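Chain by chain, the residues run as shown.
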Amino acid sequence: MITQLSLSNFKLWKKIDRMRLAPITGLFGSNSSGKTSILQLLLMIKQTVESTDRLQVLDFGNDKSPANLGSFGEVVFSHQSMEKLKWNIQWKLPESLSVKDPADEKKILFAGDEIGFSVEIAQNDKKRLSVEHLSYSFGGGDFSMRQKKDRTKKYSYELNENPTDQFRFTRNVGRSWDLSAPVKCYGFPNEVNARYQNAGFLSDLQLEFERLFTGTTGIRYLGPLREYPKRQYPWSGTEPVDMGLRGERVVEAILAARESNLRIPRSKGIKGGTLEERVALWLQKLNLIHSFHVEPIAKEGGNIYRVKVQRNSNSPEVLITDVGFGVSQILPAIVLCYYAPKGSIIILEQPEIHLHPAVQAGLADVFIDAIKMRDIQIIFESHSEHLLKRIQRRIAEKHITSEEVALYFCEANHDDSKLIPLDMDLFGNITNWPKDFFGDQFGEMAATTKAAMKRKVEEK
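First, a word on what this report is: a plain description of the structure on this page. Model, not experiment: these values are computed from the prediction.

1. So, the overall build of the protein
On a plain count of helices and strands, the protein comes out with 10 helices and 19 strands. Seen through its principal axes, the protein has C-alpha atoms that stretch 90 × 70 × 45 Å. Per-residue burial for the protein yields a buried fraction of 51% across its 460 residues. Partitioning the contacts of the protein with sequence separation of at least 6, the portion at a separation of at least 24 is 59%. Carbon and sulfur atoms make up 48% of the accessible area of the protein, which amounts to about 22900 Å² in all. Counting 62 positive and 58 negative side-chain charges, the protein places the averaged centre of each group 1 Å from the other.

2. Some words on helix α7 (residues 325–339)
An α-helix turns once per 3.6 residues; consequently, residues spaced three or four apart project the same way. For α7, built from 15 residues, the straight-helix expectation of 21 Å at 1.5 Å per residue is met to within 8% by its first-to-last C-alpha distance of 22 Å. Along its length, α7 reaches its greatest deviation from straightness, about 30 degrees, at Leu 331, and the proline Pro 332 lies no more than four positions downstream. The buried fraction of α7 is high, at 14 of 15 residues.

3. A short note on the environment of Gln 377
Relative to the elements of secondary structure, Gln 377 occurs in strand β17 (residues 377–382). Residues Gln 377 and Lys 342, spaced 35 residues apart in sequence, show a C-alpha to C-alpha distance of 9.4 Å. If we ignore the near neighbours within four places in the chain, the residues touching Gln 377 are Met 1, Ile 2, Leu 21, Ala 22, Pro 23, Thr 25, Ser 344, Ile 345 and Ile 346. A polar side-chain atom of Gln 377 sits 2.9 Å from the main-chain carbonyl oxygen of Ile 2. At a separation of 3.0 Å, a polar atom in the side chain of Gln 377 contacts the main-chain carbonyl oxygen of Ala 22.

4. Examining unusual backbone geometry
With the exception of glycine, most residues fall at negative phi, and the peptide bonds are largely trans. Even without being glycine, Lys 11 reaches a positive phi, approximately 50 degrees. If you trace the backbone, Lys 11 turns up in the loop between β1 (2–10) and β2 (13–20). Notably, Asn 261 is not glycine yet its phi reads approximately 60 degrees, a positive angle.

5. Digging into the packing of aromatic side chains
Aromatic ring pairs are reported here in terms of the distance separating the ring centres and the angle at which the planes meet. Taken as a whole, this structure holds 14 aromatic pairs when the rule is applied. Judged by centre distance (5.1 Å) and plane angle (85 degrees), the ring pair of Phe 110 and Phe 143 falls under edge-to-face. Remark: Phe 143 occurs in strand β7 (residues 141–147) and Phe 110 occurs in strand β5 (residues 104–123); sequence separation between them is 33 residues. Its relative accessible area of 2% is what places Phe 110 among the buried residues.

Conventions adopted
Residues numbered from 1 in each chain as written. Predicted model: local features only at pLDDT ≥ 70, side-chain atom pairs only at ≥ 80, totals over all residues. Heavy atoms only, no water. Helix = DSSP H or I, 4+ residues; strand = E, 2+ residues; numbered from the N terminus. Buried < 20%, exposed > 50% of the residue type's maximum accessible area, 1.4 Å probe, protein only. Contact = heavy atoms within 4.5 Å. Areas by Shrake-Rupley, 256 points an atom, 1.4 Å probe, with all protein chains shown as cover. Lys, Arg positive; Asp, Glu negative; His and termini not counted. Charge placed at Lys NZ, Arg CZ, Asp CG, Glu CD. Expected span 1.5 Å × (residues − 1). Bend = angle between axes of the 7 residues up to and from the residue. Polar contact = N/O pair within 3.5 Å; in protein donor to acceptor, adjacent residues only side chain to side chain. Phe/Tyr/Trp six-rings, centres within 6.5 Å; stacked < 30°, edge-to-face > 60°.

In structure tokens:
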């Protein structure tokens with residue numbers, strides 16, 4: 001789980017300093033205030049980790065990527081290409097990691113369940129990107145690599161040694177040679193292991209970074225726009241990693257979960273059962289439909305399926321295409337919350353689109369149940385006051401604590417964006433509510449009343 005994020009010079013953000021992330025992290029604000037940019041940073045890193053090009057510092061994506069960002073000049077703050085792009089990520093490991101001393105297996109050099117990573121990336125006059133500095137922090141040690149300041153642009157390796165254990169890297173005998181550039185934006189080159197006898201654990205830190213974004217419990221993303229429901233869905237027996245960018249693989253995921261007999265434990269007010277049963281219960285609790293199931297078209301089986309739903313207990317079953325659009329919109333979000341492996345990180349853009357206000361509020365209950373049952377982290381951006389108010393209510397009702405929630409208001413200024421943490425007390429009250437957070441509601445009410453009174457006078 002990501003616990004903290006800092007960044008400099010990324011899109012609308014000149015600087016974000018030590019942003020706390022919780023199991024449920026929500027970003028609110030007006031259009032073009034920088035909410036999506038924070039998500040895009042994480043998606044850009046994910047794309048870079050997944051890239052097959054080890055020399056590509058950053059993968060800015062394309063029209064088929066979760067984040068299609070163009071180029072460094074388009075990503076860096078105010079398009080100031082001479083500025084450095086920086087970020088720092090702190091995350092908690094699923095299990096504690098121990099680094100043993102190669103010279104003495106009984107001795108633990110470093111241990112812990114939290115890792116930090118920071119990087120500085122610049123573009124030269126030939127528009128080529130280079131990593132000027134990268135660093136991992138773990139177990140009280142900082143392990144960094146920094147670019148030399150001379151014209152050769154070679155790299156030197158630097159370490160802030162642990163003063164407690166008095167750890168030192170042991171250099172191999174032989175000629176000292178310069179290190180090559182890092183692997184992508186986060187990896188130490190192979191020459192580090194060749195130069196030092198006891199630097200093998202650095203690859204373990206790099207592996208944990210990759211797992212954070214692309215591993216079994218890595219990031220899953222669902223975009224704001226969903227595919228239209230279909231009358232039939234093919235399934236070849238594959239097991240999708242997620243729902244697809246537009247939720248197009250949701251039926252495949254449901255069938256894969258059925259095949260693997262994925263079980264969801266009982267939670268407060270909801271009985272345990274299969275993924276399909278949990279999804280059906282939520283659709284019912286949200287008053288969208290009465291029943292839901294996926295069935296093969298051919299009685300003897302086959303690989304073509306259809307989604308059947310029942311509006312209420314007295315209505316006939318119909319295809320999902322024949323009910324309101326909201327069902328197909330919310331379905332991928334609910335399925336992803338329970339389909340993703342335990343410990344995963346889920347990123348959602350505007351999950352409330354096309355949903356009734358009451359259903360938007362109910363999404364908060366889905367999120368709360370999912371983080372409890374699946375130990376996942378949900379990071380979302382939204383315009384929904386109904387979703388926010390339900391989270392506040394659940395904190396007051398002790399369904400979730402304020403420590404398990406981190407909510408932010410993104411405010412666009414003249415030059416950059418400002419991140420305002422929404423301070424919530426034990427009762428779910430926001431003590432620093434920004435002005436016109438969801439528009440000027442009182443102003444609208446006053447203007448309506450004034451107009452009504454004016455019309456009554458005129459009509460008399």
